[in-house]
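# Coordinates in review
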Amino acid sequence: MEMEVFKDLKNSPKNKEFANLLSKQFEKEYIREGKVYKGTITKINPKICWVELESAKSEGTLGDEEIKILKEEGLLNLNQTINVMVVKLESKSGDLVISFDRARKLDKWNVLLKAYQEKKEVTGRIVSRIKGGYCCSINGALAFLPSSQVALTQLKNNELNQLMKEPQRFLVVKADELRGNVVVSRRAILETIQNASKEEILKKYKVGQIVEGTCKNIVPYGCFFDLDGEVDVLCHINEISYSRINHPNELFEIGQRFVKLKIIGIDKDTKRISVSCKQVKPDPFATKIDSYKEGQIVHNCVVERVMEYGAFVALEDSLQGLVHSTHCSYKKNISPRKILSVSQKVSCKILSIQKDQRRISLSIKDCLSNPWDEFEKKFEINSDIPTTITDISDYAIHTNIKGHEELAAIIHKDDLAWSEKEQDLKKFKKGEEITAKLLTFNRDKELIRLGLKQKLPDPLDYFKDKVNEILTVKILETEENGLIVTAIGCPDLKILIKKNNLSMHKEDCRVSRFNPGDRIDSILTELNLKRRKIALSIKALELRQTEDAIKKFGSVSSGRALPFADLSNTLKKKDKKIIQKKSKKEEK
């Protein structure tokens, strides 16, 4: 019975009406800040306009500035429906704060954002100039137009003023939703139009076609040519000539007309055409190179380019080879720029031909008379040679031989004087003429060695036949390892008496016993002329004097006499050693 009562209530008309009213209440949209809603103008006076929004607790108001905008839009009418943005749900006075202008800007921003996402064009006007570009008005919204995006080329002021008067087409290239910034480009529209026209132009040309162009611009990496005023093409520097060139301006000038070009590439993506000047003519490495052979001498070759490492010489038109700096002249270490010049005619010998690498090695010096042949005929070892000093280094003097300037010679610092001094090199000057003696020469290594000291008497000749003789020497200076002395009869030669040769007793082998300027006697113990080695010894002199004293006085018991005050002690030590040796033999 109870179940039937509840069943009747559920299907009753009043219950259904209540459910409908409740669902409608839940379906109502609650107003939120920052959202745009439709409203109806309910009241207007000169300063305030009242707008009623559905589901709002109170009416919102629009001020003077908003009323002006509504008048401009023609929407300031009673019962007019307009879009407004809810700025605040409640002000300090508890009123609803709304804005028609913000709703309009948001609507226009959404239009620009959609155009950016769909990459569609928009129409607007350039309003004013600002820092870095221009301000544009697009359907009432402001956008930034950078200076680089106005046109394909830089425009003059009068051209810009003309643009500002007319509506322009733009492409939205950037839209920052957080900051509300919009960047547009007019150049992108022009490039699209230009690319469309280029596609039609590119259809006229084919790879391999021969065309004529006018030189429009020259840059270090190539030349730009104009084809019938329709399109600009690039000829790279590698495609200008079969011979090597430093800069395209060596062959072309701006404004030069009727230049024949061969189309070697068409890039449909970048809309660019590549051309070649050299491929219009046949490749000389394929047609002319077979008429030349290695070892052949070619006359009237033209020097086309001179570098620090060599010179590029043309055997004939467009057929070029390299003369390395070592093959420009017999003169050693000379720059090719000092002996060769552009357009100079020379004779060359072909050293090698490499077709695969497109290289020809040439030699100029092999076509000249070899100065080594004349040098060998004219000079012998130990002959005097007149030279001119060309350079002075830390270790030698570099010279050129008179009458044979192509040949360079060297005088080592050890061959300047018999007594080696650091000041020897400083005595000479660049450009000075000297005569030196020929010591050695090597034609293969191109080396000539001269000497100056060989023209002077050898100080070692003084010591010949004086081995084991007593010589008086003068002390020049003392060092840790001995004494530096000179013989009285040969003051130009310095000799070292080693520390262990200063005395026969170890305790007396002290350098401090001697002073510079003292004169002492010593024995010449060694003389080697080949190794130029000489040895003096005070110890050998003392030993000789000791032996002479023993022979003279006969035994250990003899009396003492200077300078052999310690002679008896020495003899006792020798006698002890003899006795010890005898006792050891007897024990065995």
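Look above for the structure.
Heads up: these notes are all about the structure in this document. What you see is a predicted model, and the numbers here were worked out from it, not measured in a lab. (Residues numbered from 1 in each chain as written. Predicted model: local features only at pLDDT ≥ 70, side-chain atom pairs only at ≥ 80, totals over all residues. Heavy atoms only, no water.)

## Here we look at the sheet that holds strand E20 (residues 359–363)
Note the threshold: A pair of strands counts as paired when DSSP detects no fewer than two bridges linking them. Numbering of helices and strands runs from the N terminus, with a helix taken as a DSSP run of H or I at least four residues long and a strand as a DSSP run of E at least two residues long. Orientation is described by lines fitted to C-alpha atoms, with helices fitted over the stretch in contact, and by angles between N-to-C directions that extend from 0 to 180 degrees.
Pairing in this closed barrel of five strands is mixed, and the strands run E16-E17-E18-E20-E19 around the ring. Adjacent strand axes in the sheet meet at a mean angle of 55 degrees, parallel and antiparallel pairs treated alike. Alignment of strand E16 (residues 297–306) against strand E19 (residues 345–354), held across four bridges, turns out to be antiparallel. Counted as the bridge partner of Val-302 is Lys-345 from E19.

## Some details on the side chain of Ser-363
Quick reminder of the rule: A 1.4 Å probe rolled over the protein chains alone gives each residue an accessible area, and that area as a share of the maximum for its type sets the label: buried under 20%, exposed over 50%, partly exposed in between. Polar contacts, as used here, are pairs of N or O atoms within 3.5 Å; protein pairs need one atom able to donate a hydrogen and one able to accept it. Residues neighboring in sequence count only if both atoms are side-chain atoms. Here a residue-residue contact requires only that any non-hydrogen atoms of the pair lie within 4.5 Å.
Here Ser-363 shows up in strand E20. According to the relative accessible area criterion, Ser-363 is buried, its value standing at 0%. There is a polar contact of 3.3 Å between the side chain of Ser-363 and the side chain of His-327. Other than its neighbours up to four places away in sequence, Ser-363 contacts Val-323, His-327, Ser-347, Cys-348, Lys-349 and Leu-351.

## Describing the sheet that holds strand E13 (residues 231–236)
With mixed pairing, the five strands of this closed barrel are ordered in space as E11-E12-E13-E15-E14. The sheet shows a mean angle of 50 degrees between the axes of neighbouring strands, direction not considered. Relative to strand E15 (residues 272–276), strand E14 (residues 259–267) runs antiparallel, the two being bridged by five bridges. Note that in E15 the partner of Ile-266 across the bridge is Ile-273.

## Topic: the packing of aromatic side chains
We describe a pair of aromatic rings using the distance from one ring centre to the other and the angle between the two ring planes. Here is the rule we go by: For this analysis, a ring pair means two rings from Phe, Tyr or Trp (six-membered ring only for Trp) whose centres lie within 6.5 Å, classed as stacked if their planes differ by under 30 degrees, edge-to-face if by over 60, and tilted for the remaining angles.
Across all of its chains, the model carries eight aromatic pairs by this definition. Consider the rings of Tyr-221 and Phe-224, whose centres lie 6.4 Å apart with planes at 85 degrees: the pair is edge-to-face. Exposure remark for Tyr-221: the relative accessible area of 42% places this residue in the partly exposed category. The exposure class of Phe-224 is partly exposed, given its relative accessible area of 24%. Ring centres of Tyr-462 and Phe-463 lie 5.1 Å apart, and the angle between their planes is 85 degrees; on these two criteria the pair is classed as edge-to-face.

## Topic: the pattern of salt bridges
Basically, it comes down to this: Definition used for salt bridges: Asp or Glu carboxyl oxygen within 4 Å of a side-chain nitrogen of Lys or Arg.
Applying the stated criterion across every chain, the model contains 21 salt bridges. As a salt-bridge pair, Glu-118 and Lys-120 come within 2.9 Å of each other at their nearest N and O atoms. Residues Lys-402 and Glu-433 are paired through a salt bridge, measuring 2.7 Å at the closest nitrogen-oxygen approach. Taken as a pair, Lys-402 in the loop between strand E22 (396–401) and strand E23 (404–412) and Glu-433 in strand E24 (residues 433–442) lie far apart in primary sequence, 31 residues in all. With a relative accessible area of 32%, Lys-402 lands in the partly exposed category.

## Observations concerning the environment of Lys-437
Within the fold, Lys-437 resides in strand E24. Owing to a relative accessible area of 16%, Lys-437 belongs among the buried residues under this scheme. Setting aside residues no more than four positions away along its own chain, Lys-437 makes contact with Asn-382, Ser-383, Asp-384, Arg-449, Leu-450, Gly-451, Gln-454 and Lys-455.

## What to know about the nonpolar core
Cut-off, in case you're wondering: Residue types Ala, Val, Leu, Ile, Met, Phe, Trp, Tyr and Cys, when buried and joined through side-chain atoms within 4.5 Å, form a set referred to as a nonpolar core.
Counting residues in each nonpolar core, the largest one holds 22 residues, and the members touching the most others are Tyr-205, Phe-225, Val-233, Phe-252, Leu-261 and Ile-273. Mapped onto this core, the elements with two or more residues apiece are helix H6 (187–202), strand E11 (210–219), strand E12 (222–227), E13, E14 and E15. Leaving out residues up to four positions away in the same chain, Phe-252 has contacts with Cys-215, Ile-218, Cys-223, Phe-225, Ile-240, Val-259 and Cys-277. Core analysis: the next-biggest nonpolar cluster, separate from the first, contains 21 residues, Phe-285, Tyr-292, Val-298 and Leu-319 among them.

## What about the side chain of Lys-365?
Relative to the elements of secondary structure, Lys-365 occurs in the loop between E20 and helix H8 (371–378). Accessibility expressed as a relative area gives 12% for Lys-365, which makes it buried. Sequence-distant contacts of Lys-365, that is, excluding residues within four places in its chain, are made with Thr-326, His-327, Cys-328, Ser-329, Tyr-330 and Glu-446.

## Things to note about the environment of Glu-73
Summarising the element assignment, Glu-73 is placed in helix H3 (residues 64–73). The residues contacting Glu-73, other than those within four sequence positions of it, are Phe-100 and Arg-104.

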